[in-house]
Amino acid sequence: AKCMGDTQCTVGCFAKFGNPVLDDVLSCTIEDQSCLKIAIVAPGADGPLDAPLPPKPLVAVTPQQMAGKWYKVMGWNSNYDCYDCQRNSFRPAARQQAMAIAADGSAVDVDVEYSLPRQRAGMPQDFHAQLHEKLVFDTTPGSHRTAHTEGKMFGLTFWENWYVIGANDRGEDAFRIVYYTGKTLQNKYEGAFVYARKPDLPASAMPHIYSIARQAGLEPTSFCAIDNRCYAAPAATAGETPQPPPFTNVAAADTIELDEAPLSAPATPPPRMGVLRDAQEFLEDPRPFGRAIFEKQKKMSEIREFDADGRSLPSENFRSSGSR
């Protein structure tokens, strides 16, 4: 309630307090029972012919071409696309689900992972979130979109239209550029992101990515560079090869699973400290914490490994600057 519709404040609150119980409460009170009368958008997905038009012609893509793990490495909408440690895993939908939606297209399951910083006594340093989406590739002739998806995040259902507007050429590092439009019961939104097969920026394809983004009316230097350093190999010890700087190639990073390094259980504060903490958090203004999350985002214009057209710069141009 303190956020009053402020998206950055809301993200900060979920980063600090998010958990399955809170998700269930919001789902029940807003969607299931309508106890909180804050819905301003009609529920339900768009149809393939009434979805918004894409910002540029679509690129043909199949569920098979999207199979496996993809990392989000660049994001356009700072409110939704720029969280840390973003990995999406595509796999065929369960047989019963696939048969149930066969009339709409080919279905795949998408496991979504991302991370937000968490600053709360007795809690882990980061809030690692996982959610599930069902992505259906449209087969209707003349469809405005590549696919559509439905899922839940922060306790609310979302419906999105996906538009694949760019893909790598032969010989380039693999990438996909996805533009999307979406809605919840509370708002409508749009965004875009770049997928890569590894968690770092696909250096050989960056000029192509910048060109496609500008064709779609999206300025690539305004995209954020997503911080995927959590997928890098462990820090080197004495006698081992030092780790490369962030946003350069990280060997075999795409084989590392988040669940291979589970978070330790948060310590439970003593009862009196817990009461004091809860009272303090009830009275505090959540907006500064939300702003702090967004202030740590880095624009591509700040990533000095690449020039304004996405071309790689000599390493001596950025190493001394402490570039990420």
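This report concerns the structure included in the present document. (Residues numbered from 1 in each chain as written. Predicted model: local features only at pLDDT ≥ 70, side-chain atom pairs only at ≥ 80, totals over all residues. Heavy atoms only, no water.)

## Comments concerning the side chain of Asp109
Short version of the rule: Secondary structure elements follow DSSP: runs of H or I no shorter than four residues count as helices, runs of E no shorter than two count as strands, and numbering proceeds from the N terminus. Here a polar contact is taken to be a pair of N or O atoms separated by no more than 3.5 Å, where protein atoms must pair a possible hydrogen donor with a possible acceptor and residues adjacent in sequence count only if both atoms sit in side chains.
Among the structural elements, Asp109 can be located in strand β3 (residues 105-117). Among the polar contacts listed, one links the side chain of Asp109 to the side chain of His132, at a separation of 3.4 Å.

## Points about the pairing of strand β8 (residues 188-196)
This is how it is decided: Each residue is placed in one exposure class: buried if its accessible area under a 1.4 Å probe, protein chains only, is under 20% of its type's maximum, exposed if it is over 50%, and partly exposed if it falls in between. Strand pairing is defined by DSSP finding a minimum of two bridges between the two strands.
Extensive coverage of β8 is indicated by the burial of 7 of its 9 residues. Bridging between strand β1 (residues 68-75) and β8 involves 4 bridges; their strand directions are antiparallel. Bridge assignment links Met74 to a residue of β8, and that residue is Val194. Two strands pair when backbone bridges link them, and strand β7 (residues 175-183) and β8 are joined in this way by 9 bridges, in the antiparallel orientation.

## A closer look at empty space enclosed by the protein
This is how the line gets drawn: With a 1 Å grid laid over protein atoms only, a set of points is called a cavity when a 1.4 Å probe fits there but cannot get out and a pocket when it is open yet has protein on both sides within 12 Å along at least five of seven lines; lining residues have an atom within 4 Å of a point. Grid points are joined across faces, edges and corners, and a volume is the space filled by probe spheres set on the points. Each residue receives one of three labels: charged for Asp, Glu, Lys and Arg, nonpolar for Ala, Val, Leu, Ile, Met, Phe, Trp, Tyr, Cys and Pro, and polar for the others, Gly being one of them.
Under the criterion given, the structure shown has 3 cavities of 30 Å³ or more. Looking at the largest cavity, its volume works out to about 70 Å³. Mapped by element, the contributors of at least two residues to the lining of the largest cavity are β3 and α7 (287-295). Looking at which element gives the most residues to the lining of the largest cavity, the answer is β3, with 3 residues. For the lining of the largest cavity, the per-class residue count stands at 6 nonpolar, 2 polar and 2 charged. Empty space within the second largest cavity amounts to approximately 60 Å³. Looking at the second largest cavity, it is lined by 10 residues, and the ones nearest its centre are Cys82, Asp84, Ala225, Gln297 and Lys298. Of the residues that constitute the lining of the second largest cavity, the class distribution is 4 nonpolar, 1 polar and 5 charged.

## A closer look at the state of the cysteines
Put simply, the rule is: A pair of sulfur atoms, both from cysteines and within 2.5 Å, is called a disulfide here.
Under the defined criterion, the tally for this structure stands at 2 disulfides. A sulfur-sulfur distance of 2.0 Å marks the disulfide that ties Cys82 to Cys224. Disulfide Cys82-Cys224: the torsion about the S-S bond is -105°, which places it as left-handed. Taken together, the positions of Cys82 in the loop between β1 and β2 (84-92) and Cys224 in strand β9 (residues 224-225) put the pair 142 residues apart, joining distant regions of the chain. There is no split in this pair, since Cys82 and Cys224 are both buried.

## Focus: the pattern of salt bridges
Side chains carrying opposite charge are able to pair once their charged atoms draw close together. Short version of the rule: One speaks of a salt bridge when a side-chain nitrogen belonging to Lys or Arg is within 4 Å of a carboxyl oxygen belonging to Asp or Glu.
Enumeration according to the criterion identifies 11 salt bridges in this entry. Linking Arg214 and Glu219 is a salt bridge whose minimum nitrogen-to-oxygen distance equals 2.9 Å. Residue Arg214 is classed as partly exposed on the basis of its relative accessible area of 33%. Between Arg229 and Asp227 there is a salt bridge; the shortest N-O distance is 2.6 Å. Arg229 gets classed as partly exposed once you look at its relative accessible area, which sits at 44%. When salt bridges that share partners are traced, they join Arg214, Glu219, Asp307, Asp309 and Arg311 into one network.

## Points about the packing of aromatic side chains
We apply this condition: Geometry of aromatic contacts follows a simple scheme: Phe, Tyr and Trp rings, the Trp one being its six-membered ring, pair when their centres are within 6.5 Å, and the pair is stacked under 30 degrees between planes, edge-to-face over 60, tilted otherwise.
Per the counting criterion, the structure on display carries 10 aromatic pairs. Note on Tyr80 and Tyr189: the rings are 5.0 Å apart at their centroids and 35° apart in plane angle, and the pair reads as tilted. Placement of Tyr80 in the loop between β1 and β2 and of Tyr189 in strand β8 is noted, with a sequence separation of 109 residues between them. You can call Tyr189 buried: its relative accessible area is 12%. Between Tyr180 and Tyr189, the ring centres sit 6.1 Å apart and the planes meet at 70°, which makes this aromatic pair edge-to-face. With a relative accessible area of 4%, Tyr180 lands in the buried category. These aromatic residues form a ring-pair network of at least three members: Trp70, Tyr80, Phe90, Trp162, Tyr180, Tyr189, Phe193 and Tyr195.

## Some details on the pairing of β7
Burial of β7 is extensive: 9 of the 9 residues sit out of reach of the surface. What you see with β7 is no split at all: Phe175, Ile177, Tyr179, Thr181 and Lys183 on one side and Arg176, Val178, Tyr180 and Gly182 on the other are buried throughout. Two strands pair when backbone bridges link them, and strand β6 (residues 156-167) and β7 are joined in this way by 8 bridges, in the antiparallel orientation. Its bridge partner being in β7, Tyr163 is matched across the sheet by Tyr179.

## Concerning the side chain of Asn228
Our working definition: We call two residues contacting when some pair of their heavy atoms lies within 4.5 Å.
Take Asn228: it is sitting in the loop between β9 and α6 (271-283). The class of Asn228 is buried, set by a relative accessible area of 5%. Of note is the side chain of Asn228, whose polar atom sits 3.0 Å from the backbone nitrogen of Gln86. At 3.1 Å, the side chain of Asn228 and the backbone oxygen of Pro199 are in polar contact. Not counting the four nearest positions on each side in its chain, Asn228 is found in contact with Tyr71, Lys72, Val73, Asp84, Cys85, Gln86 and Pro199.

## Details of α7
Helical geometry note: an α-helix holds 3.6 residues per turn, so side chains three or four residues apart project in the same direction. Short version of the rule: Starting at the helix axis, one direction is taken to each C-beta atom, and the arc is that of these directions.
Where α7 is concerned, the buried positions are Phe289, Gly290, Ile293 and Phe294. Down the axis of α7, the buried set is contained in an arc of 140°. They therefore lie on one face.

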